Amino acid sequence: MREFLAEYGDLLLSGTLKTLAMALIGTCAAYVLGIPLGVLATATAPGSLRPHRGFNMVLGWIINIGRSIPFIILLVALIPFTRLLMGTSIGTTGAIVPLVVAATPFVARMVESSLQEVGGGVVEAALSYGASTGQIITKVMLKEGLPLIIRGASITLITLIGYSAMAGAIGAGGLGDIAVRYGYYRYQDNVMFATIIILIVLVQGIQSAGDLLARVVDKRNR
Amino acid sequence: MIELADLSKTFVVKGVAHTVLDHVNLTVDDGDIFGIIGISGAGKSTLVRCINLLERPTSGSVLIDGVDITGYSGRQLSDLRCRIGMVFQDFNLFAQRTVLENVTFPLEIRKDPRHKREARGRELLELVGLSEKAHSYPAQLSGGQQQRVSIARALANHPSVILCDEATSALDSLTTNSVLKLLRQINQELGVTIVAITHEISVVQKICNKVAIIDDARIVEQGLTAEIISNPQHEVSRRLLGAVSWDA
Ligand SMILES: Nc1ncnc2c1ncn2[C@@H]1O[C@H](COP(=O)(O)OP(=O)(O)OP(=O)(O)O)[C@@H](O)[C@H]1O
Ligand SMILES: [Mg+2]
């Protein structure tokens, strides 16, 4: 065990950090883009604050298309775009673009369903006190939907850890890269198992932390 | 004063028109506690929601202090809504805000400074008897307490009118009485006009000086509570007022 750690410890640590960095940066960027999209999808839905059938339908299509492309295909298909945007399509930097593109529609739907959960009653109450559309979005929908959005964030982060492992297989670095290089090409099962265990711990940790945070933030359960 | 003049509302659902309010005429004077009673689906909620334009009338007008508001939008509409408080059957409190933050929400919308909001909020919580709950969350309160919070919230902007849509329908009879007493106190001490929607005649008997009976989209009768209760003119009124026959 000690020998194993001495030989592969640094490698596994830097792989873990790379994976986490990719997933975290990807998640943050996906929320920056996905929250406005989710808000737009909610607010333009029929019977909502600013119903707009055409816009809502087109937005829905775009989000669905984004969600229906398997990540591994997105990874390859986006190579030219990634190169254009980041100057490179390989390595951790190159992996961020497909991760964000894959996660944004996912986040948009998650935010949309969180906001829908908020319910018409409180929105109507806010309207009856003269709140504007912008105030209702920030002060009612996003505020009341926050615990659900936090839960969604941990799910997104976990999904992106999985995706970034896939990206690793095409040279993005991180745990996926290590598992493929050592486990698959060099038949070093122990290294591969180590990456699996690290991934399990990461996922469990993020899930628990997310649940805890959502529970602390949510004032409904006290 | 609130006047509904020839007010009609038609919903079109899948190409079929449903007339929910059919040429309604109604006058609520300042200082009234005006009851609107009718069975489920009669159009009570739609009627009261037309008063602050949560629902846009299809035709006819809503006059508030003699001014037709049906054309209002934007700034004008939100200013109007600030002058009309609203209380809902299921309270509609903000679960992620404290009691104090709920009560001061209408002031936050108006961008009042924090210290002013809090002072007003504490004053209102005192009025509804919930001062010690200022920092609790709605989930920690009983139904009756939640409705008191929502009444305090409705009063935040010093409105001249409060609209109550089945304010006591989710409460047991003891709690109902205390909430009704609070509404009457608000009417008497602050001079706030109250429009109270209900399907329970007891609510009308306890606090309303006037009442309108709505049935199937129309007002079938309106006037002083005492007169209508002692001498109902319309079949529907008699049915609503009298003990409803079990076998009917
Ligand atoms: N947005 C809407 N679209 C279509 N129909 C509606 C809409 N709102 C209300 N209605 C219909 O209008 C009728 C009257 O509804 P309303 O809510 O005003 O009744 P109510 O008297 O308040 O009933 P309750 O006592 O059950 O609350 C109902 O038949 C209802 O289905
Ligand atoms: Mg109703």
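Residues numbered from 1 in each chain as written. Chains lettered and ligands numbered in written order. Predicted model: local features only at pLDDT ≥ 70, side-chain atom pairs only at ≥ 80, totals over all residues.

**Structural notes on the site of ligand 1**
Residues and elements named next belong to chain B. Taken together, 13 residues are adjacent to ligand 1, and Phe11, Ser40, Lys44, Ser45 and Thr46 come closest. Looking at the shell around ligand 1, the elements that each hand over two or more residues are strand 1 (2-13), strand 2 (16-28) and helix 1 (44-51). With 3 residues, the top contributor of residues to the shell around ligand 1 is helix 1. Of the residues that constitute the shell around ligand 1, the class distribution is 4 nonpolar, 8 polar and 1 charged. (Near = placed C-beta within 6 Å. Helix = DSSP H or I, 4+ residues; strand = E, 2+ residues; numbered from the N terminus. Nonpolar A, V, L, I, M, F, W, Y, C, P; charged D, E, K, R; others polar.)

**Concerning the interface of chain B and chain A**
Facing 20 residues of chain B, the contacting portion of chain A comprises 20 residues. For the side of chain B that touches chain A, the secondary-structure elements that each account for two or more residues are helix 2 (74-82) and helix 4 (105-109) of chain B. Residues that form the side of chain B that touches chain A fall into these classes: 11 nonpolar, 5 polar and 4 charged. (Contact = placed C-beta atoms within 7 Å.)

**Notes on the confidence of the model for chain B**
Residue and element names in this part refer to chain B. Averaged over every residue, the pLDDT of chain B is 92; the share at 70 or more is 97%. Across chain B, the element-wise mean pLDDT spans from 78 in helix 10 (residues 235-241) up to 97 in helix 3 (residues 99-103). Interface confidence for the predicted complex, given as ipTM, is 0.91, next to a pTM of 0.90. (pLDDT = per-residue confidence, 0-100.)

**Here's the deal with the nonpolar core**
Membership of the largest hydrophobic core comes to 130 residues, with the highest contact counts inside it found for Leu99 of chain A together with Cys164, Val195 and Ala196 of chain B. Counting residues per element, this core draws most heavily on helix 7 (residues 133-172) of chain A, which supplies 16 residues. Sequence-distant contacts of Cys164 of chain B, defined by excluding residues within four places in its chain, comprise Val87, Leu183, Ile194, Val195, Ala196 and Ile197 of chain B. (Core = buried A, V, L, I, M, F, W, Y, C linked by C-beta atoms within 7 Å. Buried ≥ 20, exposed ≤ 12 C-beta atoms within 10 Å, placed from the backbone.)

**Section: the sheet that holds strand 7 (residues 161-165) of chain B**
All names here are of chain B. Across the sheet, 6 strands lie side by side as 6-7-8-3-9-10; this open sheet has mixed pairing. Each end of this open sheet is capped by a strand with a single partner; those strands are strand 6 (84-87) and strand 10 (218-224). On average, each strand axis in the sheet is inclined to that of its neighbour by 15°, with strand direction left out of account. Two elements, strand 3 (residues 33-37) and strand 9 (residues 210-215), share 4 bridges in a ladder whose sense is parallel. Across the sheet, residue Ile36 finds its bridge partner in strand 9, namely Ala212. Running at roughly 155° to strand 8 (residues 193-198), helix 1 makes contact with strand 3, strand 6, strand 7, strand 8 and strand 9 of the sheet. Together, strand 6 and strand 7 form the strand contacts of helix 6 (residues 143-155), whose direction differs from that of strand 6 by roughly 165°. (Pairing = 2+ DSSP bridges. Axes fitted to C-alpha atoms, helices over the stretch in contact; angles between N-to-C directions.)

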